[in-house]
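# Residue-level structure breakdown
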Number of protein chains: 2
Amino acid sequence: MRRPREREILLAHGSGGRAMHQLVEGLIVPQLDNPLLARLGDQAIFELGGARVAFTTDSYVVSPLFFPGGDIGALAVHGTINDLAMGGARPVALSLALILEEGFPMADLERVLASVRAAADVTGVHIVTGDTKVVGRHGADKLFINTSGVGLVADGAHIDERRVQPGDAILLSGTIGDHGMAIMSQREGFTFQAPIASDTASLWPLVEVMLAAAPGAVHAMRDPTRGGLATTLNEIAARAGLGMRLQERAVPVREAVRGACEILGIDPLYVANEGKLVAFVEAGAAQAVLAAVRGHPLGREAAIVGQAVEDPRHYVIAETDFGGTRIVDMLAGDPLPRIC
Amino acid sequence: MRRPREREILLAHGSGGRAMHQLVEGLIVPQLDNPLLARLGDQAIFELGGARVAFTTDSYVVSPLFFPGGDIGALAVHGTINDLAMGGARPVALSLALILEEGFPMADLERVLASVRAAADVTGVHIVTGDTKVVGRHGADKLFINTSGVGLVADGAHIDERRVQPGDAILLSGTIGDHGMAIMSQREGFTFQAPIASDTASLWPLVEVMLAAAPGAVHAMRDPTRGGLATTLNEIAARAGLGMRLQERAVPVREAVRGACEILGIDPLYVANEGKLVAFVEAGAAQAVLAAVRGHPLGREAAIVGQAVEDPRHYVIAETDFGGTRIVDMLAGDPLPRIC
């Protein structure tokens, strides 16, 4: 990919969409030139002393820090757990690095830490190492958190976007758009008829259920965060060298989220999720895996929303409510900055 | 330790000194309640799939980003490599997470990435996973970097501050104060007779030499970064339950650094280093390890600067040039914010 033409960083370079792809694939990855990094997975998987480990990192700059359904602490722990889980890895240990703005209330820090602890406890993962930095007033916006994590790849798991085959079912674990719209409504002070809460959650328990249901049948998994489901499907299509066919009606969206998206003119397919996964499952095993996912509290609204198909253009094509089709491209621009 | 009495975060909470200890040991560690974290090492060491691994994290908020002897990219890679090396672990894989301010020059990003790459290549470590976030103008100060890392603990290495014994020699690998004074002089536009450059460097090659020279004789190792040698020695004294006797004359300080410290009224013992280590070595093996260290380009000015001693108060006591002694306490306040 070409390096970005812009001479300065734009908000869109952090959006998860096309501009970020240009920055990451056109500048950062070529500079660092490493095959594991070039895979551009949510995590790197490699051998370490005979063990098959996963390693991942994410910084969180979400604004506001506290929002319906969660806060930056829960988000940081869940996000990194999920990046490990998407590689079929059981999360083992996390790091926690804080960048604090001078003047940040100690009580808020305590609240965030309690949330970090609770989120880690749910998955049985430990915060084993950390770091604390402070910058002067206006040197940072309140609090940024980096969580990195290591995990052990589960026996029999072989999750790799290049394993996706034509005919694979696209399984979505639940409703989309909840996290992004919760942040937006909090940030802008919108009130909707029904409250919208972030879906932030640890997906490892759901992954464990899926891997147990049909070991080897789960070819790829991703949690559609920044850029939403549309961007994630485009990324997988490109890396698998396939197209995607999406049945838009089948994609679950909460009524309140759909309403908020309509008011703001945003397509829920592009809105960030923090507790949902999309999996590519061998056609023959899809119903068994779907049943297993639906049996778990995190997956009650799961659905098969489409299939991978042969397509040399690697298009994601949605079949619309009205019987037509449209091309679903990657996110362009950044309608929702600092969503995570 | 008591939780901090302050109701807001102060710059001193990031200094590496007493206030940071209160924040970390009085608030953060109790909240997260994990024995590996409570060890407060530069890294956590644990079993993962049968391998003995080290895991560490650090965020870098140094200002300015470019300084004599290095930049934030080199610093971030070296710092995390060094935190692994101080556990006797060979660095294997690093993560790189960028928080960019909108408007940050693309050319500066490219320069930092080249520096990241060069620093990683020297140690043969790879950047295998990453993350990129962008915040709006004034939401962050230009660029913050988090690097986390995983490594494999070397056979025979058993580095643990609780292994330090009375009589252990305190081996310092070279001059102190270079990094902190390089940042200060750049930041404040000071010019001294001789230029002062940061000592930022990967210490793993030096550690490898030390472990080969006397396996098992190296009881503890730390790189004295924020808070300087004085704070590091106080931390080790407390954790080992011992005192320290420091021969101040033996501590190497470059003439230009000593001069700059005098002008600024700062004791070089409290100034950050980014390419030096302090090791506690069994008395009988100290000369052999010193000779090995001096044989390496990074350790030419290495010296034995003191000994661990019995002391129920866990004091670090310096024998001064004038034949007297003084208690060397931990850093209080933060004379040099955003040094790393």
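This one's a predicted model, so the numbers in the text were calculated from it and none came from an experiment.

Let us look at unusual backbone geometry. For the bond running from S63(A) to P64(A), omega is 5 degrees, close enough to zero to count as cis. Residues other than glycine seldom take positive phi values, yet D33(A) does so here, at roughly 45 degrees. Its place among the elements puts D33(A) in the loop between α1 (18-32) and α2 (35-38). Unlike most non-glycine residues, H138(B) shows phi in positive territory, near 70 degrees. Considering the arrangement of structural elements, one finds H138(B) in the loop between β6 (126-135) and β7 (143-153).

You can see V53(B) is positioned in strand β2 (residues 51-60). Distance from V53(B) to V153(B), taken between C-alpha atoms, is 5.7 Å for residues 100 residues apart in sequence. The residues touching V53(B), leaving out its near neighbours within four places in the chain, are L48(A), A44(B), I45(B), F46(B), L48(B), G151(B), L152(B) and V153(B).

Accessible area lost upon the coming together of the parts is a frequently used measure of interface size. If you look at the interface, chain B gives 83 residues, while chain A gives 83 residues. Joining chain B to chain A, the criterion identifies ten salt bridges. Taking the shortest distance from any N to any O, the salt bridge between K133(B) and D58(A) comes out at 3.6 Å. At the boundary of chain B and chain A, one finds 23 residue pairs in polar contact (both at pLDDT 80 or more).

Moving on: the side chain of S148(A). In this fold, S148(A) is placed in strand β7 (residues 143-153). Residue classification places S148(A) among the buried residues on the basis of a relative accessible area of 0%. For S148(A), the side chain forms a polar contact with the side chain of S148(B), separated by 2.8 Å.

Formed by 107 residues in total, the largest nonpolar core has its most connected members in L109(B), M181(B) and F280(B). By residue number, the principal contributor to this core is helix α3 (residues 72-85) of chain B, which donates eight residues. Residue contributions to this core reach at least three from each of two domains, namely domain 1 (39-153) and domain 2 (161-327) of chain B. Every residue in contact with L109(B), bar those within four places of it in the chain, is listed here: I9(A), L23(A), L27(A), L98(B), L100(B) and F104(B). Grouped together as the second largest cluster of nonpolar side chains are 106 residues, V62(A), L109(A), V125(A) and L229(A) included.

Cut-offs applied
- Residues numbered from 1 in each chain as written.
- Chains lettered and ligands numbered in written order.
- Predicted model: local features only at pLDDT ≥ 70, side-chain atom pairs only at ≥ 80, totals over all residues.
- Heavy atoms only, no water.
- Helix = DSSP H or I, 4+ residues; strand = E, 2+ residues; numbered from the N terminus.
- Contact = heavy atoms within 4.5 Å.
- Salt bridge = Lys/Arg side-chain N within 4 Å of Asp/Glu carboxyl O.
- Polar contact = N/O pair within 3.5 Å; in protein donor to acceptor, adjacent residues only side chain to side chain.
- Buried < 20%, exposed > 50% of the residue type's maximum accessible area, 1.4 Å probe, protein only.
- Core = buried A, V, L, I, M, F, W, Y, C linked by side-chain atoms within 4.5 Å.
- Domains from an automatic or database assignment.

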